[in-house]
Structure formats: C-alpha cells, structure tokens
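Residue strings, one per chain:
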Amino acid sequence: MDLMKTLTQLVTAFGPSGNEGGISQVIEELARPYVDEIARDVMGNLICRKRGTGPRIMFSAHMDSIGLVATHIDKKGFVHVGALGGVSAGEALYAPVRFQNGVCGLICAPEDKDKGTLKVADLLIDVGAASFEEAKKLVQVGDSAVYDTPIRGAGNRVISPYLDNRVSCLVLLLVMERLAGVDNDLYFVFSVQEEVGTRGAKTAAWAIDPEYGIAVDVTGVDDEPGSKHQASALCGKGAAVKIMDRSVICAPALVDRLLALAEAEGIPVQRDVLQMGGTDAGPIQATRAGVYTGGISIPCRYTHTPTEMVDLDDVRACADLAAAFAHCNLQS
C-alpha cells in the first residue's frame, strides 16, 4: 500500500463527527480485499471482520474529524458556526474550509474582536456571498464544514489536516494487508463521533464483546516548542504504547505484552503517558464486564489545528506493532 497516496485519500475525505459517510465509503473500498465481512451499525461505525477461531480482538481507530457546523446566516451573508469537537478559535482563524456540497470558504472573525480571547462563537465563514439570500443558496443551517488545507511532505514527516485520526485508519489498513495465517478473531472498527465523546466505540464494543481491545489514535507530544511535559511521546521515536490518559489506565499485562512484542520484533517503541484527552480505549475498557484494553499511538504535533504533523517512520512502527499483536497467541 502506498502510504502517501492512501493517506491523501483518507485525509481529504469528508467526515466530521456525525457525518462520516464520505470517509466510511473510502475506507470500505480500501478494506474490502483483506477481510471476510464488512458491516455498519446504527451509529455508523464501519466494522471489518477477519474471522478466526482465537480470542476476539477489537482494534478501533476513529474515522471522524473535528469540524464546524453552520448555526446562523446573517444579513451580510456570513455563516456563523459552532464547534464539532475540540476546535480552537485562534488556531482555526483564517483557515480555508469546505462544506459537503463542495462550497468553499474562509474562517474569519469580526475586526473588533480581541484575537487573544477569541471563541468559536465569534467565528464566521466567508463563502463569498454578499447577502443572506445569496449565502442561503450555498449553505444551510446545520451544514458542517471541514478544514481544506493541503497535505504535503516535509522530509520524512507529513503535514496535513485530520491526521487525527485518519493516520490511524491508515495503520489499521496496513495491518489488514498482513493477516495471512492469523488465528485470532479480528474486528477492525472505524468508529464515529469520537471527537464529541467517544460515542461510536461504546456501542461497537458492546456489540462485539471483545476479549482484548486496542485503540489506535494519535497522541500529544513533548517536543513541540515550549512543551510543558503534559505528554511523553516524541515524533520520530517509534510507536507509543499507551500507559494512560484521562480516559483510560491501560491493563498493565497488555502494556507489557505490547512492549515485549516490540522488543522481540525490533520495533521502535516508547511509552505514552498523556495528561489530557482520551481515546476509544476508555469506552472499550468499560464495556460489559470489562475488556483487557491497551493503546498504540502515533505521536502527532499540533493536533486539532489545520496543519498537524506526524513522522512516517512512527506510522510504520505502529502498523508493525499492531500487526504483531494481531498475530500473537493470546491463549498461551
């Protein structure tokens, strides 16, 4: 699988929280050759199964992205918005966006607003309209918009919107390529509405009732300028094995198993302690009577901005580690 070609398909697909149909279709076509079953549940989770006789393992990578939703159109034709997920007004300002129908615009704010205290409620999208009537032909209240910044390479790193979490969807697709000879009963869940409360993974885990769960997601890093040690992972240092974040304290035995697999396979690995945020690991761990849950994380700089950054070697290391876990004998 061509990493950059596939990643470009994923990050450019439309799929903000609650409206994941576009990205779901892209992933389904990419996954179809590698699995036995593909289904969607009521929430919209895309569930790909590779049948096996071993323990049920659920890998989960959320496919939704943060975004903006139109809440009001004023008489001058500006579209007022609200947030879908963790949008920072200061980081979003002046980013290009696009709506599902292809209408493009630019995030702006009134000139009299203090940019240092800007809130999402202050943001507007300029769609090039000169009046309410003109804008109403382009956008309706309730329409969602996503960042429309390009994907580009920077050495061995990639700069793009929505690496959180389309890069983890890529990791699961890379794992699917390597499933020959796997005995475990594998479920690859591309979950919905993670950015607004890890909602999709909760229902998917309840239905699958896995014995083991692995959440694949990006994680914050400690090597951005001025980092305050709220995260432990570093870009370019390998797969980050989740220890904990605000949503989960991972099963120690599973953490040890992942670290041992990395050592045995010669996979670059580091420990992921995050003092903020959460992933699908939280609801997976707490489903039914509980699930042995861990996480494999891709270090990501500038998360939730229009220009996130990851290292491709970290992506490969995460795919290697997830594939090793898919193949391992969990009954021994």
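This is a predicted model, so every value here is computed, not measured.

A.B. asks: Please provide a residue-by-residue account of the sheet that holds strand E9 (residues 144-147), values included.
C.D. replies: Read around the closed barrel, the six strands follow the order E4-E5-E8-E7-E6-E9; overall the barrel is antiparallel. The average undirected angle you get between the axes of adjacent strands in this sheet is 45°. Taken together, the three bridges between strand E7 (residues 104-108) and strand E8 (residues 124-126) define a ladder with antiparallel strand orientation. Pairing of Ile107 across the sheet is with Ile125, part of E8.

A.B. asks: Which residues make up the nonpolar core, and what are the values?
C.D. replies: Within the largest apolar cluster, 69 residues are counted, with the highest numbers of intra-cluster contacts made by Phe59, Met176, Phe188, Phe190, Leu321 and Phe325. Of all the elements, helix H9 (residues 312-327) adds the most residues to this core, at 11 residues. The contacts of Leu321, once residues within four sequence positions are left out, are Ala239, Val241, Leu258, Leu261, Ala262, Ile267 and Ile296. Counting residues in hydrophobic clusters, the runner-up holds 29 residues, among them Ile73, Ile107, Val139 and Tyr162.

A.B. asks: Give me the lowdown on the pattern of salt bridges, citing residues and values where you can.
C.D. replies: Enumeration over the complete set of coordinates arrives at 16 salt bridges. One salt bridge in this structure joins Glu28 and Arg32, with 2.2 Å as the shortest N-O distance. With a relative accessible area of 11%, Glu28 lands in the buried category. A single salt-bridge network, built from bridges that share partners, covers Glu37, Arg49, Arg51 and Asp185.

A.B. asks: Give me helix H1 (residues 3-12): which residues, what numbers.
C.D. replies: Of the residues making up H1, those classed as buried are Leu3, Thr6, Leu7, Leu10 and Val11. Take H1 and look down its axis: the buried residues cluster within an arc of 125°, on one side only. Contacts made by the buried residues of H1 are with helix H2 (21-31), strand E11 (157-160), helix H5 (163-176) and H9.

A.B. asks: Quick rundown of the side chain of Thr287? Include the residues and the values.
C.D. replies: With respect to the helices and strands, the residue Thr287 is situated in the loop between helix H8 (281-285) and strand E16 (292-299). You can call Thr287 buried: its relative accessible area is 5%. When residues no more than four places from it in sequence are discounted, the contact partners of Thr287 are Lys202, Ala205 and Trp206.

A.B. asks: I'd like a description of a nonpolar patch on the surface, backed by residues and values.
C.D. replies: A cluster of nonpolar residues, Met244, Ile249 and Val273, forms a patch on the protein surface that exposes about 250 Å² of accessible area. Look at Met244 and you get partly exposed, because its relative accessible area is 33%.

Conventions we followed
- Residues numbered from 1 in each chain as written.
- Predicted model: local features only at pLDDT ≥ 70, side-chain atom pairs only at ≥ 80, totals over all residues.
- Heavy atoms only, no water.
- Pairing = 2+ DSSP bridges.
- Helix = DSSP H or I, 4+ residues; strand = E, 2+ residues; numbered from the N terminus.
- Axes fitted to C-alpha atoms, helices over the stretch in contact; angles between N-to-C directions.
- Core = buried A, V, L, I, M, F, W, Y, C linked by side-chain atoms within 4.5 Å.
- Buried < 20%, exposed > 50% of the residue type's maximum accessible area, 1.4 Å probe, protein only.
- Contact = heavy atoms within 4.5 Å.
- Salt bridge = Lys/Arg side-chain N within 4 Å of Asp/Glu carboxyl O.
- Arc of directions from axis to C-beta.
- Patch = residues over 30% accessible without salt bridge, like charges linked within 9 Å, V, L, I, M, F, W, Y side chains within 5 Å.
- Areas by Shrake-Rupley, 256 points an atom, 1.4 Å probe, with all protein chains shown as cover.

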